[in-house]
Amino acid sequence: MTAVNMVPLDSVKHKDLHVNVDQSYGHVSKQNMVPLLAFEFLQASTNFPIVFVKQQETGKFKSVALLGLTGEENLIFSEGKIHSNYIPVNVRRYPFAAAGKNAQESEMVLCIDENSALLNKSEGVKIFEGDGKPSKATQEVSDFLADILAKDAATDIFIEFLLEHDLLQAAEVKFQLGQEDDLKINGLYKVNEEALNDLPDEIVLTLYQRQYFAAIYSHLASLNQFNRLLQIKAGFKPQ
Amino acid sequence: MRKTLSSIGISETDLIRHCDATFKQGAKFVSWRLNDRNEFYYHPFNVPSGYGNFDLTAYWQKTENHEKYGRFAEAVDFQDQICEAGLAPKKITTPEYQSVLNYAYHFDAVKVANLIKEKAISLGVNHVIDKVMDAQLNKGGYIEAVHCEKSGVIKGDFFIDCSGFAGILIDKTYKIPFISAKKYLFNDFAIAAQIPYDENENIACHTIATGQKAGWTWDIGLSSRKGMGYVYSSAHTSHEDAIKTFAEHIGPKAEGLSFRNIPFKSGYREKFWHKNCLAIGLSAGFLEPLEASALILVDNSVEWVSERLPSDFKRMEIISKQFNRGFIKKWEAIIDFLKLHYVFSERTDEAYWLDNIQKETMSDRLQDLLELWKYHPPHFNDTDSQFDVFPLASIQYVLYGLNFKSDISSQSHLYQSDMLAQKHFQNNLKMLEKIKSSLPNHRDLIESIKKYGLQKI
């Protein structure tokens with residue numbers, strides 16, 4: 001697999017490019033997690049576990065959809081099949097991405113993975129019109145990404161809130177897979193239910209006002225989907 | 001230190017951000033055994049593999065093993081190599097105060113004091129800055145109050161003397177005698193300097209102590225600068241020569257710096273806790289800063305007081321006796337441990353190093369232990385775990401770092417577990433391989449912590 005190479009979209013350099021649509025989202029088939037935003041938790045929660053992990057570069061927490069049990073395994077999007085009734089926005093947006101989230105850059109920069117197999121010069125949707133203006137589809141993607149950026153920032157604030165009130169704890173995840181040794185997944189975090197139940201009234205009110213309860217309980221409910229991953233894995237034959 | 005800071009409730013991220021703090025994984029001793037800058041050994045903070053269950057030292061002594069696995073520290077643990085590679089003891093994803101490899105800190109002491117002060121004030125401590133002029137004693141000799149220059153009389157039940165070398169209460173008021181350690185530890189002067197980094201220079205993740213003509217130099221990497229110093233014996237060098245030695249050690253960056261030779265007295269008080277006064281820090285005593293024992297003693301003293309703050313004066317007397325007994329043992333053991341760094345030096349061209357290996361400059365306890373170790377590798381029974389600031393592992397690292405060999409030929413039947421020893425040595429190499437690729441460079445981690453902070457969980 002070629003490495004992702006996100007570059008700002010350029011009306012000269014990329015003027016002839018078309019984007020094919022891959023309904024099976026093959027680009028994530030070697031990834032066992034993708035970022036998941038707080039507003040998605042409710043819909044996603046019946047499909048796969050939603051957990052919190054630390055980013056390797058910064059140590060900052062992010063919420064993710066756990067799609068596989070080992071490093072490069074994706075049980076949800078694989079072999080052209082989708083074992084989910086919900087597609088995370090961070091899967092749907094591909095091969096596009098948004099950059100320029102920091103305060104100095106008010107304008108969002110639309111980027112594209114130049115190495116994506118979905119890009120070509122004839123098939124699919126045009127990125128630019130003949131006059132160099134973004135196509136209608138590109139404009140829609142741009143609006144979609146701006147919305148994702150805002151919701152990503154809101155998710156960070158949600159996670160900060162959880163940390164500030166000591167509501168996250170390490171999740172112990174261990175499975176017995178057939179005759180093999182126990183499979184232990186490290187580095188996953190979840191909401192501490194006990195701490196949640198012990199919160200003072202005024203914090204509970206804040207949680208309610210910010211509409212965090214849906215996200216929290218969806219996340220907790222989604223932890224049952226580890227069993228679903230195991231079931232898919234049992235019938236799963238890697239290529 | 002980690003435990004203390006964390007229990008006070010100071011965030012490790014704040015320590016790194018506000019106190020120029022960096023991680024310390026041990027000390028590297030250069031040119032102590034031989035007068036050669038390429039000769040060194042490590043005293044890392046990780047304990048040897050098998051520590052407490054299986055003693056590897058006798059196996060490391062076997063020629064085939066030390067030829068194959070190298071220096072003692074690198075054969076029995078991987079921290080030596082992590083330090084050599086300039087790597088940090090943890091990752092940005094490792095929670096505050098947790099470690100991949102054991103560590104302490106280098107930091108700017110003034111800034112740490114300020115951080116602790118602010119924390120204390122936020123917890124309700126009334127902080128008064130003033131000069132204590134004298135103390136007022138009651139009939140039983142207990143301090144009732146101190147008289148301050150600006151604030152007048154401050155009454156109290158318990159007084160901690162943190163007045164440094166001045167020892168305003170322990171020395172001026174109570175005249176508690178000072179026990180000199182000079183016959184064991186010769187150094188009596190120090191010169192210090194702050195040296196800027198080169199651009200992109202990595203930060204050493206260990207203290208570097210380099211043996212010099214009449215003492216040793218320290219080299220400590222903070223995040224903003226390096227702290228360097230020369231501790232020397234004025235009986236073995238002139239002050240001018242000491243400055244010359246130090247400037248040579250610093251190199252081109254010494255140009256334009258002016259140095260001051262600061263005298264100090266090695267030793268400690270006959271008592272630290274007298275009546276209702278406890279001396280902590282330099283007022284309790286001072287030893288050359290070879291193994292950061294001063295910091296450990298402060299830490300231990302504070303821990304003791306916080307756990308056993310007496311309910312009344314009757315109890316205080318009993319607790320103070322316990323404290324004094326315990327801390328005298330600690331000081332004696334530290335002196336022996338510091339002395340241990342010198343006693344196997346093979347530097348034969350300088351009086352300082354030759355004088356240091358003379359038996360009469362060692363305590364009776366140390367002489368006994370050295371006699372014992374000639375034929376028996378150090379054992380837990382040789383230390384007093386309740387009082388020894390430096391555990392058996394530290395003794396092993398220094399002793400075998402200096403290439404000491406115990407003659408175990410008459411007891412070789414005790415050391416037949418070669419397979420198990422190989423497993424430890426091999427496992428250590430495997431761990432090194434695994435850990436080395438996952439740890440960040442030390443400076444990179446410090447920069448990341450400044451930027452992103454460490455997580456609490």
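Reading the values: rules and limits
Residues numbered from 1 in each chain as written. Chains lettered and ligands numbered in written order. Predicted model: local features only at pLDDT ≥ 70, side-chain atom pairs only at ≥ 80, totals over all residues. Heavy atoms only, no water. Helix = DSSP H or I, 4+ residues; strand = E, 2+ residues; numbered from the N terminus. Rg over C-alpha atoms; globule rule 2.2 N^0.38 Å. Buried < 20%, exposed > 50% of the residue type's maximum accessible area, 1.4 Å probe, protein only. Areas by Shrake-Rupley, 256 points an atom, 1.4 Å probe, with all protein chains shown as cover. Lys, Arg positive; Asp, Glu negative; His and termini not counted. Charge placed at Lys NZ, Arg CZ, Asp CG, Glu CD. Contact = heavy atoms within 4.5 Å. Buried area = accessible area lost by both parts, 1.4 Å probe. Salt bridge = Lys/Arg side-chain N within 4 Å of Asp/Glu carboxyl O. Polar contact = N/O pair within 3.5 Å; in protein donor to acceptor, adjacent residues only side chain to side chain. Nonpolar A, V, L, I, M, F, W, Y, C, P; charged D, E, K, R; others polar. Expected span 1.5 Å × (residues − 1). Core = buried A, V, L, I, M, F, W, Y, C linked by side-chain atoms within 4.5 Å. Pairing = 2+ DSSP bridges. Domains from an automatic or database assignment.

## Here's the deal with the overall build of chain A
Inference 1: From N to C terminus, chain A includes seven helices and 15 strands.
Inference 2: For 239 residues, the compact-globule formula gives about 18 Å, and the C-alpha radius of gyration of chain A, at 20 Å, lands near that figure.
Inference 3: Expressed as lengths along the three principal axes of its C-alpha atoms, the size of chain A is roughly 60 × 50 × 30 Å.
Inference 4: Burial analysis of chain A (239 residues in total) assigns 47% to the buried set.
Inference 5: Total accessible area on chain A is roughly 13100 Å²; 49% of this is exposed by carbon and sulfur atoms.
Inference 6: Computing the positive centroid from 22 side-chain charges and the negative centroid from 32, chain A places the two 5 Å apart.

## Examining the overall build of chain B
Inference 1: Along its length, chain B carries 16 helices and 18 strands.
Inference 2: Compactness check: chain B gives a C-alpha radius of gyration of 23 Å against a globular reference of 23 Å for 457 residues, within 12% of the reference.
Inference 3: Considered along the principal axes of its C-alpha atoms, chain B spans approximately 70 × 55 × 50 Å.
Inference 4: The burial tally for chain B puts 52% of its 457 residues in the buried class.
Inference 5: If you take every contact in chain B between residues at least 6 apart in sequence, the share linking residues at least 24 apart comes to 73%.
Inference 6: When the accessible surface of chain B is totalled, it reaches about 21400 Å², and 53% of it is carbon and sulfur.

## Here we look at the interface of chain B and chain A
Inference 1: Contact with chain B, which involves eight residues of that partner, is made by twelve residues of chain A.
Inference 2: Across the chain B to chain A interface the summed buried area is about 850 Å²; carbon plus sulfur atoms make up 58%.
Inference 3: Of all residues in chain B, the largest losses of buried area upon contact with chain A belong to Y452, Q455 and I457 of chain B, amounting jointly to 65% of the total for that side.
Inference 4: Connecting chain B to chain A are zero salt bridges.
Inference 5: Remark: the boundary between chain B and chain A carries four residue pairs in polar contact (both at pLDDT 80 or more).
Inference 6: Across the side of chain B that touches chain A, the residue classes tally to four nonpolar, four polar and no charged.

## Comments concerning the environment of G453 of chain B
Inference 1: Inspection of the secondary structure puts G453 of chain B in the segment after α16 (442-452).
Inference 2: Given the relative accessible area of 5%, G453 of chain B is considered buried.
Inference 3: As a C-alpha pair, G453 of chain B and E12 of chain B span 441 residues in sequence and 8.7 Å in three-dimensional space.
Inference 4: Ignoring sequence-local partners within four residues, the contact set of G453 of chain B consists of T58 of chain A together with T13, R17, I92 and S448 of chain B.

## A short note on helix α7 (residues 109-122) of chain B
Residue and element names in this part refer to chain B.
Inference 1: Here α7 spans 20 Å end to end across 14 residues, near enough to the 20 Å set by a 1.5 Å rise per residue.
Inference 2: Two to three positions downstream of the cap, the backbone nitrogen of V110 sits 3.1 Å from a side-chain oxygen, assigning the N-cap of α7 to D108.
Inference 3: G124 sits one or two positions beyond α7 and adopts a positive phi of about 105 degrees.

## With respect to the pattern of salt bridges
Pairs may arise between side chains of opposite charge once their charged atoms sit close together.
All names here are of chain A.
Inference 1: Here the structure, examined in full by the defined rule, presents 30 salt bridges over all chains.
Inference 2: E114 is the salt-bridge partner of K13, the closest N and O atoms lying 3.0 Å from each other. Of the two residues, K13 is situated in the loop between β1 (6-8) and β2 (18-19) and E114 in the loop between β9 (109-113) and β10 (119-120); the sequence distance between them amounts to 101 residues.
Inference 3: On the accessibility criterion, K13 (54% relative accessible area) is exposed.
Inference 4: What you see here is one network of salt bridges that share partners, running through K62, D152 and D156.

## Quick look at the nonpolar core
Inference 1: Ranked by size, the top nonpolar core spans 99 residues in total, and within it W32, F272, L340 and F425 of chain B carry the most contacts.
Inference 2: The dominant element in this core, judged by the number of residues it contributes, is helix α11 (residues 313-340) of chain B, at eleven residues.
Inference 3: Leaving out residues up to four positions away in the same chain, F425 of chain B has contacts with L56, Y59, W60, N65, Y69, A75 and V76 of chain B.
Inference 4: In terms of nonpolar packing, the next biggest core, distinct from the first, is built from 70 residues, V28, I148, V173 and A195 of chain A among them.

## Quick notes on the environment of D188 of chain B
All names here are of chain B.
Inference 1: Relative to the helices and strands, D188 is located in the loop between β9 (178-180) and β10 (189-195).
Inference 2: Apart from the residues lying within four places of it in its own chain, the contact partners of D188 are K182, Y232, S233, S234, I262, P263 and F264.
Inference 3: Within the structure, D188 has its side chain in polar contact with the side chain of K182 (distance 3.2 Å).

## A few points about the sheet that holds β2 of chain A
Inference 1: Spatially, β10-β2-β11 (chain A) is the arrangement adopted by the three strands of the open sheet, whose pairing is antiparallel. Edge positions in the sheet fall to β10 and β11 (125-126) of chain A, since each of these pairs with one other strand and no more.

## What to know about the domain arrangement of chain B
Inference 1: Domain annotation of chain B identifies domain 1 (1-12 + 108-127), domain 2 (22-106 + 341-452), domain 3 (128-182 + 266-337) and domain 4 (189-263).
Inference 2: Summarising the inter-unit geometry, the C-alpha centres of domain 3 of chain B and domain 4 of chain B are found 31 Å apart.

## Structural notes on the side chain of T138 of chain A
Residue and element names in this part refer to chain A.
Inference 1: Its location among the elements puts T138 in helix α3 (residues 136-164).
Inference 2: Judged by its relative accessible area of 5%, T138 falls in the buried class.
Inference 3: With residues near it in sequence (within four places) discarded, T138 still touches L9, L110, K126 and I127.

## Quick word on the pairing of strand β11 (residues 207-212) of chain B
Residues and elements named next belong to chain B.
Inference 1: By the criterion of burial, β11 is predominantly enclosed, with six of the six residues buried.
Inference 2: With burial as the criterion, each face of β11 is covered, one bearing T207, A209 and G211 and the other bearing I208, T210 and Q212.
Inference 3: Of the strand pairs in this sheet, strand β2 (residues 26-30) and β11 are connected by four bridges, and their pairing is parallel. Paired with F29 across the strands is A209, a residue of β11.
Inference 4: Note: β11 against strand β12 (residues 215-221), five bridges, orientation antiparallel. Of the residues in β12, the one forming a bridge with Q212 is G215.
Inference 5: Hairpin connection between β11 and β12: a loop of two residues separates the two successive antiparallel strands.

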